[in-house]
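Residue strings, one per chain:
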Amino acid sequence: MTAAPPAFPSPADPVRRQIPLQDYSPFRDTGIPIVIDNGSRQLRAGWASEEQPRLQFENIVAKSKSGKTKAGADALLVGDDVYLGGFKSNSKTAFDGGVVVNAVTFENTLDYIFSKLSIDTDRVNHPIVMTEALCNPEYSRKLVSELLFESYRVSSVTYGVDALFSYYANNCSFDAGLILSAGNTASHIIPVLNGRPVIEHCKRLSCGGQQLSEFLQKLLQVKYPSFPQKISVENAQSMLFDHGYVALDYASELRAFSVPENIDKHTRVVQYPYVARPDEDELREEAERLLEKRREQGRRLQEQAVKMRTEKLEAKVAYLEELKELLDARNIEDRADWLDRLTDAGFDDEADLEHELKETEDAVRRARNKLSGNEEPDEKTAPSFPLVDLPDDQLTDEQKKEKRKQRLFKANWEARERMRREKEEEEAREAELARQEEERRLRDPEGWLRETRQRRQALFEKIRTRQKRKAQLNDRRSAESKNRMRNIAHLAAEEEPGAKRRRGAGKEDNFGARDEDWHIYKEISKEDNSDEDEEAFKLGKLDELLMAYDPGFVPDDPYEEATGSRNTILYRLCHGSGQVDLSDPAVQNQLRLNVERIRAPEALFQPSMMGLDEAGVVEVLNDATKRFTPDVQAQLVQNIFVTGGAAVLSNLSERIERDIRSLRPYGSAISVRRAADPRVDAWRGAARWFRNEPENFKKSMITREMYDEYGHDYLMEHSMSNLNWPSS
C-alpha cells in the first residue's frame, strides 16, 4: 500500500503588508542613484549604495472608487496596496507584451516609488538606473524618458537590459557567454562576446512564466471541471513555482504515470479552504433541536385548531338553539305568522326545517366527539348503480345516458377496489415474508447472514454482468456488438417461404458497413429496463438488511464497478488510489497535482503543447549558437547563464545542459549555471555596476541636455544596454 501524498495549503497570495515610508535623510543631497528594476510583473526599487532593494511589489495599479481623497478624486492604489484594498479585479498594468505602453499608469507607479522613498523635494535630485526589456521599442523608452525628465526633472537616466545586469551580478565572464532570460511574458537568448551583448543575434521566445501559469490553469480546469472554487492565474502561478519542476526525461516520466503505484508518489495535494461537515454529535443535537422546534410548532397549531373547532362548535350550538326555538314556536304562535317566520328564516316548509335540525344535531355531535378525541370513523359504503342492470327498453333517453355514465363509474370503482385488494394482499405477503425472514435470523443468525450475503453476491454479479454486456453492446467495435449486428443482418436477409428469389440475392450482405446501419442497430437493440429496476430494488433491500445486522458490511455499487472508473488512470490522477469519499467537503476542495507538475514546465521546451507554433527554448538556444564560428560556439556553451522569474523552476539548468549536450558534438565542454537569485539579481547587478564601475556609469548617463538635443528616445549605449537604432 502506497503512502498518502503530502498535502499543502491552498496557493494563497503571499503575506502582503503596506510598505512603510523609508527614511530619506541619509540620502538627501548625496546624488546616489535610484535603481528601478521595472519588470512586467514585479518591480524593485532602492538605492544603488545598498545590497537589497528597499521596495518590492507587484507592478499593478488600481483605482479605488469607494475611497475618496480630500480633493474629491478617486484614490489610486499601487502594488500590494491593491490586494490589501481588494481591488485586484480592477487593476491594470503599464505593460503590454513586456514593454511599457501606458504612460499614465507608469506615472502612478513612479509617484508611488518616490513617495515611499520619502523624496520630499520639488524634483528628484538623483540619477535613475532603469531596466528595460531586450530590444525595447523606441516609443516605450520615449514614454519613460519624458516622464522622468518632464514630470520629475531628474538629472540623468541610464537604461540597461535586466538579463545583462543579472549576468553581471553573478560575476559571469563577458568574454563569451550565452544568457537565457526566462521572463514573465517572454524568454530571450542573448549571446555575449568581447565584453558586449551581440544584440543582432538575440532570439525571442513568446513563452514565459505568465504563459506557463495560464497553461497550468487550463489543465486544472479541464481536470476538475466542477471544482467549487476559482483557480485564478495567480493561484496557478504559485502552484507552478511551488510544486512544478522540469522533467529531465519528459517521455519516461510521463510513462511512469501509467503505472498506478507511481501516481501517489509524484502527487502533491493542494487543499483549498472549506467548511467542514459537523460531527455526529453536532448533527444529533441540531436534529433534536429542529425536532423539538417542530413539536412546539405542532403543539401551537393543535391549540389553534382546537380553539377554532371550539368556536365553530359554539356557533353550531347557537344555531341549533335557534332552530329548536323556531320549531317549538310552531305550537305557540299563530300558524300563518309562524309560516311567515319560517319563510323569512330561509326554509321552504316544516319538513325542510326538521331536516336542517337533524343535520345540525348530527354535526354538533360529531364536533363534540372530535373535540373530545372520540372521532367517529367514516363508513365507506359501496356506491349504487341502479340503472346498470335494467334493460334499455324500460328506460327513457335520459336514463339511457345516465346508465352509460353509471356503467363507466362502476367499472372504475371495481378497478380501484381490485387494485386495493391486490395491494393489501401484497402488503400482507411482504409482511409474512419479513416475519419469516426475522424468524430465520433469530433462529440462526450466522446462517442467515451467510445466506443473505450469498443472495446479495449472486444478485450483484447478475447486475454487473448485465451492465458489462450493455457497455459492450454500446461499443460499436466490441465483439459482442458485431456478433449481434451480424445476427440481425442475417435475420433481415432471410426470405419468406414461397417468396420469389430476387435477382442478385446471392450477393454478400454488407449490413453494418455504413454509419446509418449503426443507428438502426441502436434503435432495434434497446432493452426493457423493468428487470433492471426490480433487481436494483431487491439489491437495495438486501443492503439495508446487511447494513443493519452485519457490522463488517460495506456496500459497493455494481453500476460503478461495472465501468471500472475507480481503476482508471484518470480517476487515480484526480482522486488517488485509495478509498475517497467524494461527498466530503475536504475532498471536493482538493487539487491533486501530479502529471501537471511536469506538463506545464515542459511547455517551455515544447510550446506546441499549449498552442504556440514556435520552437522550444533549447532549439532556439542552439540556433543562436550557430550564428557564430565553431570555436566561438565552443566558448559560448561553456558559459550558459539562466536567469529570470521562470528560472526558479527546479531542474531547469540540468535539463538545458542535458538537451544541449545531445545537440553538440561528442565530448563538448558544456556548463550551465543559474543565477543565485533569478528574481532580484537584475536589481543587484545594476546597483553593483554603479559601485564597481563609476566611470563607466557616468559615461552611460543620458542627461537633460542630451535628451533635449538628441531626442526623447535617445539611448546612450554601454556594455549593459540595448543598441541605439536611430530613427530614419
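Owing to the predicted nature of the structure, the values given are computational and were not obtained by experimental measurement. (Residues numbered from 1 in each chain as written. Predicted model: local features only at pLDDT ≥ 70, side-chain atom pairs only at ≥ 80, totals over all residues. Heavy atoms only, no water.)

Caption draft 1: Looking closely at the overall build of the chain. Secondary structure summary: the chain contains 26 helices and 19 strands in total. Residues counted as buried form 40% of the 728 residues belonging to the chain. Counted over contacts in the chain with a minimum sequence separation of 6, partners at least 24 positions apart contribute 69%. Only carbon and sulfur atoms are counted for the fraction: they give 49% of the accessible area of the chain, which is about 42,600 Å². (Helix = DSSP H or I, 4+ residues; strand = E, 2+ residues; numbered from the N terminus. Buried < 20%, exposed > 50% of the residue type's maximum accessible area, 1.4 Å probe, protein only. Contact = heavy atoms within 4.5 Å. Areas by Shrake-Rupley, 256 points an atom, 1.4 Å probe, with all protein chains shown as cover.)

Caption draft 2: Main features of helix 11 (residues 350-372). Helix length check: helix 11 (23 residues) gives 33 Å between terminal C-alpha atoms against 33 Å at 1.5 Å per residue, within 8%. Within the sequence span of helix 11, burial applies to L353, L357, T360, D362, A363, V364 and A367. The secondary structure elements touched by the buried residues of helix 11 are helix 9 (280-328) and helix 10 (335-344). In this structure D349 caps helix 11, since a side-chain oxygen of it lies 3.4 Å from the backbone nitrogen of A351. Residue G373 follows helix 11 closely and has a positive phi angle near 95°. (Expected span 1.5 Å × (residues − 1). Polar contact = N/O pair within 3.5 Å; in protein donor to acceptor, adjacent residues only side chain to side chain.)

Caption draft 3: Representation of the sheet that holds strand 19 (residues 702-703). The sheet built from six strands is open, its strands ordered 4-3-2-9-10-19 with mixed pairing. At either margin of the open sheet sits one strand with a lone partner, and together these are strand 4 (55-58) and strand 19. Relative to strand 3 (residues 42-47), strand 2 (residues 34-38) runs antiparallel, the two sharing five bridges. When the sheet's bridge partners are listed, D37 is paired in strand 3 with R44. Sitting on the sheet, helix 2 (residues 103-116) is in contact with strand 2, strand 3, strand 4 and strand 9 (128-132), with an inclination near 150° to strand 4. Contacting strand 2, strand 3, strand 9 and strand 10 (156-161), helix 24 (residues 681-692) crosses the sheet at an angle of about 150° to strand 2. (Pairing = 2+ DSSP bridges. Axes fitted to C-alpha atoms, helices over the stretch in contact; angles between N-to-C directions.)

Caption draft 4: Representation of the packing of aromatic side chains. For the coordinates displayed, the defined rule picks out 15 aromatic pairs. With a centroid separation of 5.0 Å and an interplanar angle of 75°, the aromatic rings of Y167 and F174 are classed as edge-to-face. We classify Y167 as buried; its relative accessible area is 0%. Among the residues examined, F174 registers a relative accessible area of 14% and is labelled buried. (Phe/Tyr/Trp six-rings, centres within 6.5 Å; stacked < 30°, edge-to-face > 60°.)

Caption draft 5: Inspection of the packing of helix 9 against helix 11 at higher detail. Packing of helix 9 against helix 11 leaves a shortest axis separation of 9 Å and a crossing angle of 150°. One element, helix 9, and the other, helix 11, form an angle in the roughly antiparallel class. Considering only the axes of helix 9 and helix 11, their crossing is left-handed. Contact residues: V306, R309, T310, L313, K316, V317, Y319, L320, L323, K324, L326 and L327 in helix 9; L353, E354, E356, L357, T360, E361, A363, V364, A367, R368, K370 and L371 in helix 11. The class makeup of the residues in the contact of helix 9 with helix 11 is 14 nonpolar, two polar and eight charged. (Parallel < 35°, antiparallel > 145°, perpendicular 65-115°, else oblique. Left-handed = near helix turned anticlockwise from the far one by under 90°. Nonpolar A, V, L, I, M, F, W, Y, C, P; charged D, E, K, R; others polar.)

Caption draft 6: Summary view of the packing of helix 2 against helix 3 (residues 138-151). With their axes 10 Å apart at the nearest point, helix 2 and helix 3 run at an angle of 50° to one another. In terms of orientation, helix 2 and helix 3 fall into the oblique class. The two elements helix 2 and helix 3 meet at a crossing, and its hand is right-handed. Taken together, the residues of helix 3 that come into contact with helix 2 (itself represented by A103, F106, E107 and L110) are L143, V144, L147, L148 and S151.

Caption draft 7: Structural context of helix 23 (residues 652-663). The end-to-end C-alpha distance of helix 23 is 17 Å, a good match for the 16 Å that 12 residues give at a rise of 1.5 Å each. If you check which residues of helix 23 are buried, you get L652, S653, R655, I656, D659 and I660. Axial view of helix 23: buried residues confined to an arc of 160°, hence all on one face. Against strand 11 (176-182), helix 7 (250-256), helix 20 (596-602), helix 21 (617-625), strand 17 (640-643) and strand 18 (672-674) lie the buried residues of helix 23. (Arc of directions from axis to C-beta.)

Caption draft 8: A look at the pattern of salt bridges. One pass over the structure, following the stated rule, counts 46 salt bridges. Notably, a salt bridge pairs R330 with E350, separated by 1.9 Å at the nearest N-O pair. Of this pair, R330 sits in the loop between helix 9 and helix 10 while E350 sits in helix 11, placing them 20 residues apart in sequence. Given the relative accessible area of 25%, R330 is considered partly exposed. Ionic contacts of the salt-bridge type, sharing partners, join the residues D249, E602, R655, R658 and D659 into one network. (Salt bridge = Lys/Arg side-chain N within 4 Å of Asp/Glu carboxyl O.)

Caption draft 9: Highlighting the pairing of strand 12 (residues 187-193). The element strand 12 is largely enclosed, with a buried count of seven among its seven residues. Taken together, the seven bridges between strand 11 and strand 12 define a ladder with antiparallel strand orientation. Among the inter-strand pairings, L180 is bridged to a residue of strand 12, identified as I189. Connecting the antiparallel pair strand 11 and strand 12 is a turn made up of four residues. As judged from the two bridges shared by strand 12 and strand 13 (residues 196-197), these two strands associate in the antiparallel manner. Its bridge partner being in strand 13, V192 is matched across the sheet by P197.

Caption draft 10: Just the side chain of R655, in detail. Secondary-structure assignment places R655 in helix 23. Setting aside chain neighbours within four positions, we find R655 in contact with V246, A247, L248, Y250, E602 and F605.

Caption draft 11: Focus on the pairing of strand 3. Counting buried positions along strand 3 yields five of six residues, so the element is predominantly enclosed. Connecting the antiparallel pair strand 2 and strand 3 is a turn made up of three residues. Pairing between strand 3 and strand 4: four bridges, direction antiparallel. Residue A45 lies in a different strand from strand 4, and its bridge partner there is L55.

What is shown is where atoms sit, not what they do.
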